[in-house]
Amino acid sequence: MTPPLPHPLLEQLRQICGPANVLTHEDPATDLSPWEQDWRKRVSGRALAVVRPGDTAQVAAVVKACAAFQTPIVPQGGNTGLVVGGIPDKSGQQIVLSMTRMNAVRAIDPANLTITVEAGCVLQNLQTAAENAGFLFPLSLGAEGSCTIGGNLGTNAGGTQVVRYGNTRELCLGLEVVTAQGEIWHGLSGLRKDNTGYDLRNLMIGSEGTLGIITAATMKLYPQPAAQLTAWAAVPSMEAAVELLGLAHQRLGPGLTGFEVMGQFALGLVDKHYPHLRVPLWQSTPWCVLLENSDSESEQHARAQFEALLETAMEQGWVSDAVVAENLTQAKGLWHIRESITLAQVQEGQNIKHDISIPVSRIPTFVAETDALLALEVPGVRLVDFGHLGDGNLHYNVQAPEGSDGKEFVRAFEDKINTLVFDQVQRFGGSISAEHGVGEQKVNKLPLYKDPTALAMMRSVKQALDPHNILNPGRVLI
Ligand code: FAD
Ligand code: MLT
Ligand code: ZN
């Protein structure tokens, strides 16, 4: 049999990045599934090649070559995204641009409180680099051991510290970006003030790889707190959780760095699948709350503040029981339970995920009404509710009724349930995506819920920056 003709684009890409950094199906020994399958293992694509550039000039050259062949590019970081935004489609004609070789910390500027890193830097490594220099980089999420800062910027990721530090957008001061034409925008500014026209940085952040490829970023650093304390509280209702949040804002001010809510069924799943984690207080209460107090004075001060806060909350009936972690190991254990909900849900079987936001004040009514509507629509449905209550961001997830087939449930009910939940979100003045993004998963829903004028402006921006639609087509906008 004659070997296949060399693909002219692949030849060029091999010249640009080196043959070892252009992986294809031509080599039967190469398994491309880690780049082709999404984290939830619900969707698989097929790439023409996985290309792994080593620097910004290579990214620019790859984009120019792909543009000449009108070959679409899917930027990818750690591939932990939850909305099918970073994997190729099934055509076998798209390039996955894997940024993980570009992982250097380029510079730390202690006086300016900034750190400049390449896009493929794993979030945990960025946190460690900041810590080693005596600072805090506060972005924190369950996937931090494998997601990259490029992906965090691409999705404008949230996580568990947003209540104090904001999401990824608010932590970024400057970007280096390769455009759809293969030009390099040198925007790595460490400036906190710059009013010279349109805000291109914030346009790129959250654009999910559809407007440009982020190759490096300058991020904000913060002083390390003197003490960080974690408490786990049992609360009798979502209303009580919202009251507790108000009190925590009042008493802790900027010290309140985390406020997560977790429903009983969500914690029951952690208990079922990871019993060694020893979930506290969950059996006797519908909700638990995880609070973090970061104090600039001392541990003693933080503990006294926390105890006073919890005492008042108990007097008011907003907390029925609580534990305050005695040390860092215990605190980490409590956070680990919270971060294990996603994995416990995977163990339980396929489910329908949501990352909605609603004004905090309206969340209790939203949950009560939507729970009731869902129970009518799918009798026996199980709700895995948890999330970043401090930001008004709920993971209002829906699991198949006990004993039923998860795959079949998702196939039969996903669209119906999404419509029900998103209609409710709209009624309550919320957003259908608070942090995970649109990707391919919500691309058909976005036009139904986004303001039509905003959507038209988004389309104009896409057309202006990527007129041939080579950057991550089919994601965010169709
Ligand atoms: P990928 O999955 O590789 O890509 C995500 C998107 O960004 C894609 O559209 C991709 O094309 C684009 N992209 C990637 N790199 C670039 C680049 N260099 N330039 C331009 N575009 C790029 N998300 C939250 O917001 N909050 C959470 O609390 C949270 N917790 C999670 C917990 C778990 C266990 C898991 C698995 C995921 C969680 N996520 C969370 C989702 C996910 O981790 C985030 O969306 C993360 O930001 C994705 O980073 P990544 O490097 O894996 O990006
Ligand atoms: C989280 O907050 O844990 C994440 O956003 C992941 C999820 O939604 O499962
Ligand atoms: Zn989340």
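Residues numbered from 1 in each chain as written. Chains lettered and ligands numbered in written order. Predicted model: local features only at pLDDT ≥ 70, side-chain atom pairs only at ≥ 80, totals over all residues. Heavy atoms only, no water.

Thoughts on the confidence of the model for the chain
Chain-level pLDDT for the chain is 97 on average; 99% of the residues reach the 70-or-more range. The spread of mean pLDDT over the elements of the chain runs between strand E16 (residues 351-352), the lowest at 94, and helix H5 (residues 149-155), the highest at 99. (pLDDT = per-residue confidence, 0-100. Helix = DSSP H or I, 4+ residues; strand = E, 2+ residues; numbered from the N terminus.)

So, the site of ligand 2
The environment of ligand 2 is made up of Leu82, Arg338, Thr342, Lys353, Phe386, His388, His395, Glu435 and His436. Taking Lys353, its side chain carries an N or O atom lying 2.5 Å from an oxygen atom of ligand 2. A distance of 3.0 Å separates an oxygen atom of ligand 2 from a polar side-chain atom of Glu435. Expressed as a share of its isolated accessible area of 270 Å², the protein-covered part of ligand 2 is 88%. Considered class by class, the residues forming the shell around ligand 2 number two nonpolar, four polar and three charged. (Near = heavy atom within 4 Å. Polar contact = N/O pair within 3.5 Å; in protein donor to acceptor, adjacent residues only side chain to side chain. Areas by Shrake-Rupley, 256 points an atom, 1.4 Å probe, with all protein chains shown as cover. Nonpolar A, V, L, I, M, F, W, Y, C, P; charged D, E, K, R; others polar.)

Describing the coordination of the zinc ion (ligand 3)
Taken together, His388 (NE2), His395 (NE2) and Glu435 (OE) make up the protein donors of the zinc ion (ligand 3), found 1.9 to 2.1 Å from the metal. One chain supplies every donor for the zinc ion (ligand 3), spaced along it as H-x6-H-x39-E. No difference in accessibility class separates His388 from His395, as the two residues are buried. (Donors = N, O, S within 2.8 Å, 3.2 Å for Na, K, Ca; no water. Buried < 20%, exposed > 50% of the residue type's maximum accessible area, 1.4 Å probe, protein only.)

Looking at the pairing of strand E5 (residues 105-109)
Relative to strand E6 (residues 114-118), E5 runs antiparallel, the two being bridged by four bridges. For Ile108, the partnering residue across the bridge sits in E6 and is Ile115. Hairpin geometry of E5 and E6 is characterised by an intervening segment of four residues between the two adjacent antiparallel strands and by a positive phi of about 55° at Leu113. (Pairing = 2+ DSSP bridges.)

As for the site of ligand 1
In the vicinity of ligand 1 there are 34 residues, among which Pro75, Gly77, Thr80, Gly81 and Thr148 approach most closely. For ligand 1, an oxygen atom lies 3.1 Å from a polar atom in the backbone of Gly85. One of the backbone N or O atoms of Gly159 is found 3.3 Å from a nitrogen atom in ligand 1. Alone, ligand 1 offers 970 Å² of accessible surface; in the complex the protein occludes 96% of this. Sorting the residues of the shell around ligand 1 by element identifies strand E3 (73-76), H5 and strand E10 (213-220) as the ones contributing at least two each.

Details of the environment of Phe409
Position of Phe409 among the secondary structure elements: in helix H14 (residues 406-427). Exposure remark for Phe409: the relative accessible area of 4% places this residue in the buried category. Put simply, Phe409 and Gln399 are ten residues apart on the chain and 8.4 Å apart in space, counted from C-alpha to C-alpha. Here Phe409 is in contact with Ile352, Val378, Val381, Val398, Gln399, Ala400, Pro401, Glu414 and Ile417, once residues within four sequence places are set aside. (Contact = heavy atoms within 4.5 Å.)

Concerning the environment of Lys407
For Lys407, the location among the structural elements is in helix H14. Along the backbone, Lys407 and Ala29 are 378 residues apart, and their C-alpha atoms lie at a distance of 31 Å.

Overview of the environment of Leu277
Residue position: Leu277 is located in the loop between helix H9 (264-273) and strand E14 (287-295). Taking the C-alpha atoms as reference points, Leu277 and Ser340, separated by 63 residues in sequence, lie 9.3 Å from one another. Excluding its chain neighbours within four sequence positions, the residues that come into contact with Leu277 are Val270, His336, Ile337 and Ser340.

Comments concerning H14
At Phe413, H14 shows its maximal bend, which comes to roughly 60°. Along H14, the positions that sit buried rather than exposed are Gly406, Phe409, Val410, Glu414, Ile417, Asn418, Leu420, Val421, Phe422, Gln424 and Val425. One side-chain oxygen of the residue at the start of H14 lies 2.9 Å from the amide nitrogen of Lys407, identifying that residue as Asp405. Positive phi shows up at Gly429, right after H14, with a value of about 70°. (Bend = angle between axes of the 7 residues up to and from the residue.)

A look at a negative patch on the surface
Residues Glu307, Glu311, Glu315 and Glu326 make up a contiguous surface patch of negative charge. Checked against the element boundaries, Glu326 lands in the loop between strand E15 (321-324) and helix H11 (328-339). Given the relative accessible area of 52%, Glu326 is considered exposed. (Patch = residues over 30% accessible without salt bridge, like charges linked within 9 Å, V, L, I, M, F, W, Y side chains within 5 Å. Salt bridge = Lys/Arg side-chain N within 4 Å of Asp/Glu carboxyl O. Lys, Arg positive; Asp, Glu negative; His and termini not counted. Charge placed at Lys NZ, Arg CZ, Asp CG, Glu CD.)

Topic: the sheet that holds E6
Taken in spatial order, the five strands make up an open sheet running E5-E6-E10-E8-E9, and their pairing is antiparallel. Each edge of the open sheet is held by one strand with a lone partner, namely E5 and strand E9 (184-187). Neighbour-to-neighbour, the strand axes of the sheet open up by a mean angle of 15°, direction not taken into account. The pairing of strand E8 (residues 172-178) with E9 spans four bridges and is classified as antiparallel. In the strand pairing of E9, Val178 is matched with Ile184. The strands that helix H4 (residues 123-132) touches are E5 and E6; relative to E6, the one it contacts most, it runs at about 145°. (Axes fitted to C-alpha atoms, helices over the stretch in contact; angles between N-to-C directions.)

Digging into a nonpolar patch on the surface
On the surface, a cluster of nonpolar side chains totalling about 250 Å² of accessible area is made up of Trp39, Leu343 and Val346. Residue Leu343 is classed as partly exposed on the basis of its relative accessible area of 38%.

Description of the sheet that holds strand E4 (residues 94-98)
Strand order in the open sheet formed by four strands is E1-E2-E4-E3, and the pairing between neighbours is mixed. The sheet is open, and its two borders are formed by strand E1 (22-23) and E3, each paired with just one other strand. Note: strand E2 (residues 47-51) against E4, four bridges, orientation parallel. Paired with Val50 across the bridge in E4 is Val96. Helix H1 (residues 8-17) rests against E1, E2 and E4 of the sheet, and its axis sits at about 10° to E2. Along the sheet, helix H3 (residues 56-68) makes contact with E2, E3 and E4, crossing E4 at roughly 175°.

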